[in-house]
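Observations on chain architecture
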Amino acid sequence: MAWTKYQLFLAGLMLVTGSINTLSAKWADNFVAPGCGGSKEHSFQHPFLQAVGMFLGELSCLAAFFLLRCRAARHPDASMDPQQPFNPLLFLPPALCDMTGTSIMYVALNMTSASSFQMLRGAVIIFTGLFSVAFLGRRLALSQWLGILATIVGLVVVGLADLLSKHDDQHKLSEVITGDLLIIMAQIIVSIQMVLEEKFVYRHNVHPLRAVGTEGLFGFVILSLLLVPMYYIPAGSFSGNPRGTLEDTLDAFCQVGRQPLIALALLGNISSIAFFNFAGISVTKELSATTRMVLDSLRTIVIWALSLALGWEAFHPLQILGFFILLMGTALYNGLHRPLLTRLARGRPSAEEGEHERLLAGARTPINDAS
C-alpha cells in the first residue's frame, strides 16, 4: 500500500526533528564562550538546563492537546476519544524517572559522541524486558530473549569502538567510558518509567499528547526548582562550569548572551522534541508502531552521518558492526522477523491491520521518547 503525502510528511517530520533534537544538544555543547564575571571562555556544558528546555518542549504538547480538543468539540474527530477522569498525579512517578534519566543522558552527551549516545540508548530493550518479566509477570518469547542477547553484544561492540577510537582533548578516554556507562545507567531508569506507565497510566484512556504534556509539566516545574540548589552543590569533575557546581544557570545565560548561536541550538532542542513527539504519535496512528521503530533507527544513521560530516567524531568501522547488531536485536525483540517468516511460509504478504503500539510487548517506547 502506497503512503499518502501526509504519511510521508509525518515520517519525514519524525526523522528530521528526532535528529535535530540530539544534534542541537550536541551543537550547544560544542560552543565556547565566556561566562559571568569575566570568566574565561569555556564549553557550554549545562545538561540540567538543557533538560529543563526539553521538558518545556514536552509541555507544549499539552497545549497542542487542548487545541485539538477544542477543534474536536466543533468538528468531531475519532482521534479525540472521550477522556475518562484520571488523577494527574499518576504521571508524577514516571515524570520523576523521565527527569532523572534525561538529566543523566544530557550529562553523558557532554562526555561522548552523539552517535554512541544514540546507539547505546538501545540498552533500554534489555532492562525493559527484564523488568516486564519481574514486575509485570510477562513471559518473553524466544525471539525477544535473542533480541536482548543481540543487544548486549551490540553494546559491547559499540563500547569497544569507543575505546579504540581516537580521543581529543575535549573527550578523553576516561570521560568517554564514564559517558557510555551513564547512558546505559539512564536506560535502567527509562525502563522503570516504562513499567510504571504500563502498570498505572495505560489502564486509563489518556490521549498520548496529554500524557506527554503532563509528564513535561511535572518535569519542567520540578527540575526548574532543583536548579536553585544545584547552583550551590559542588560537582567536582562532573561540573562543566567555572564555579565547579552541579549546574550554574546564571553562567549559562551569560554564555547565551555572548554567543547567540547557543540560543538557536537550545531553541532547536526545545521545538524539535515537541514536533518529534507529535510526529511519533501520528506515525503510530497513521502507519504502524513498526514504522516508528524503523524511523527511529534511521535517525541514528542520520545523527552518525552528520556528526562525521561536521567533524564532531572520528569514524571507526566497529561502529557499523555494532549498529547492525543493535538493529538486529531491536528487530528480534519487536517481532519484525515474524512478517518476513510469514511471507516466506505462505508466499504472500501478511496482514498489518490492527497493529498498535504497546509498551513492554512489541514495539515499545516511553510515551515521551525524547532525546
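Residues numbered from 1 in each chain as written. Predicted model: local features only at pLDDT ≥ 70, side-chain atom pairs only at ≥ 80, totals over all residues. Heavy atoms only, no water.

- By the naming in an unreviewed UniProt entry, the chain is Solute carrier family 35 member F6, taken from Odobenus rosmarus divergens.
- Taken from UniProt, the Sequence similarities (unreviewed entry) comment for the chain reads in full: "Belongs to the SLC35F solute transporter family."
- Its UniProt record, at the heading Function (unreviewed entry), says of the chain: "May play a role as a nucleotide-sugar transporter." (UniProt positions renumbered as here; feature names shortened; annotations may be inferred.)

Describing the overall build of the chain
- Scanning the chain for helices and strands turns up 13 helices and two strands.
- Within the chain, residue pairs in contact and separated by at least 24 positions form 81% of the contacts whose partners lie at least 6 positions apart.
- Counting only carbon and sulfur atoms, one obtains 69% of the accessible surface of the chain, whose full area is about 17,300 Å². (Helix = DSSP H or I, 4+ residues; strand = E, 2+ residues; numbered from the N terminus. Contact = heavy atoms within 4.5 Å. Areas by Shrake-Rupley, 256 points an atom, 1.4 Å probe, with all protein chains shown as cover.)

Some words on the state of the cysteines
- Tallied over the full model, the rule gives one disulfide.
- Between the sulfur of Cys 36 and that of Cys 254 lies a disulfide, 1.8 Å long from S to S. Around the S-S axis, the bridge from Cys 36 to Cys 254 shows a dihedral of about 90 degrees and counts as right-handed. Highlighted residues: Cys 36 in the loop between strand S1 (32–34) and strand S2 (41–43) and Cys 254 in helix H9 (residues 249–258), separated in sequence by 218 residues. (Disulfide = S-S within 2.5 Å.)

Remarks on the packing of aromatic side chains
- A full pass over the atoms with the stated rule returns seven aromatic pairs.
- The interplanar angle of 50 degrees and the centroid separation of 5.1 Å between the aromatic rings of Trp 27 and Phe 31 together place this pair among those described as tilted.
- Ring centres of Phe 323 and Phe 324 lie 5.6 Å apart, and the angle between their planes is 65 degrees; this geometry places the pair in the edge-to-face category.
- Here the aromatic residues Trp 304, Phe 315, Phe 323 and Phe 324 are joined through ring pairs into a cluster of three or more. (Phe/Tyr/Trp six-rings, centres within 6.5 Å; stacked < 30°, edge-to-face > 60°.)

Brief notes about the nonpolar core
- Counting residues in hydrophobic clusters, the biggest one holds 61 residues, and the most contacted among them are Phe 44 and Leu 223.
- Excluding its chain neighbours within four sequence positions, the residues that come into contact with Leu 223 are Phe 48, Ala 51, Val 52, Phe 55, Met 99, Ser 103 and Met 230. (Core = buried A, V, L, I, M, F, W, Y, C linked by side-chain atoms within 4.5 Å. Buried < 20%, exposed > 50% of the residue type's maximum accessible area, 1.4 Å probe, protein only.)

So, helix H12 (residues 317–333)
- The terminal C-alpha atoms of H12, which comprises 17 residues, lie 25 Å apart, in line with the 24 Å expected from a rise of 1.5 Å per residue.
- Looking at H12, one finds that the buried residues are Gln 319, Gly 322, Phe 323, Ile 325, Leu 326, Gly 329, Thr 330, Leu 332 and Tyr 333.
- Once H12 ends, the next one or two residues include Gly 335, with phi positive near 80 degrees. (Expected span 1.5 Å × (residues − 1).)

Observations concerning a nonpolar patch on the surface
- There is a patch of nonpolar side chains on the surface, built from Leu 160, Leu 163, Leu 164, Leu 173, Ile 177 and Leu 181 and spanning about 520 Å² of accessible area.
- Put simply, the parts of the chain that give the nonpolar patch at least two residues each are helix H6 (142–164) and helix H7 (173–201).
- By secondary structure assignment, the location of Leu 160 is in helix H6. (Patch = residues over 30% accessible without salt bridge, like charges linked within 9 Å, V, L, I, M, F, W, Y side chains within 5 Å. Salt bridge = Lys/Arg side-chain N within 4 Å of Asp/Glu carboxyl O.)

With respect to the packing of helix H3 (residues 92–109) against helix H8 (residues 208–230)
- Where H3 meets H8, the closest approach of the two axes is 9 Å, and the angle between their N-to-C directions is 55 degrees. Considering their axes alone, H3 and H8 lie oblique with respect to each other. Considering only the axes of H3 and H8, their crossing is right-handed. Across from Leu 92, Pro 94, Ala 95, Leu 96, Asp 98, Met 99 and Ser 103 in H3, the residues of H8 making contact are Glu 215, Phe 218, Gly 219, Ile 222, Leu 223 and Leu 226.
- Residue composition of the contact of H3 with H8, grouped by class: nine nonpolar, two polar and two charged. (Axes fitted to C-alpha atoms, helices over the stretch in contact; angles between N-to-C directions. Parallel < 35°, antiparallel > 145°, perpendicular 65-115°, else oblique. Left-handed = near helix turned anticlockwise from the far one by under 90°. Nonpolar A, V, L, I, M, F, W, Y, C, P; charged D, E, K, R; others polar.)

What to know about the confidence of the model for the chain
- Averaged over the chain, the pLDDT score is 83; the fraction of residues at 70 or greater is 86%.
- pLDDT under 50 marks residues 349–364. Its contacts with residues more than four places away, or in other chains, come to 43 contacts. (pLDDT = per-residue confidence, 0-100.)

A look at the side chain of Thr 112
- Checked against the element boundaries, Thr 112 lands in the loop between H3 and helix H4 (114–120).
- A relative accessible area of 1% places Thr 112 in the buried class.
- At 3.1 Å, the side chain of Thr 112 and the side chain of Asp 180 are in polar contact. (Polar contact = N/O pair within 3.5 Å; in protein donor to acceptor, adjacent residues only side chain to side chain.)

Quick look at the pattern of salt bridges
- Summed over all chains, the structure comprises one salt bridge.
- Of the charged contacts in the structure, one is a salt bridge between Asp 248 and Arg 243, with a shortest N-O distance of 3.8 Å.
- A residue is classified by how much of its surface remains accessible, and Asp 248, at 4% relative accessible area, is buried.
- With a relative accessible area of 40%, Arg 243 lands in the partly exposed category.

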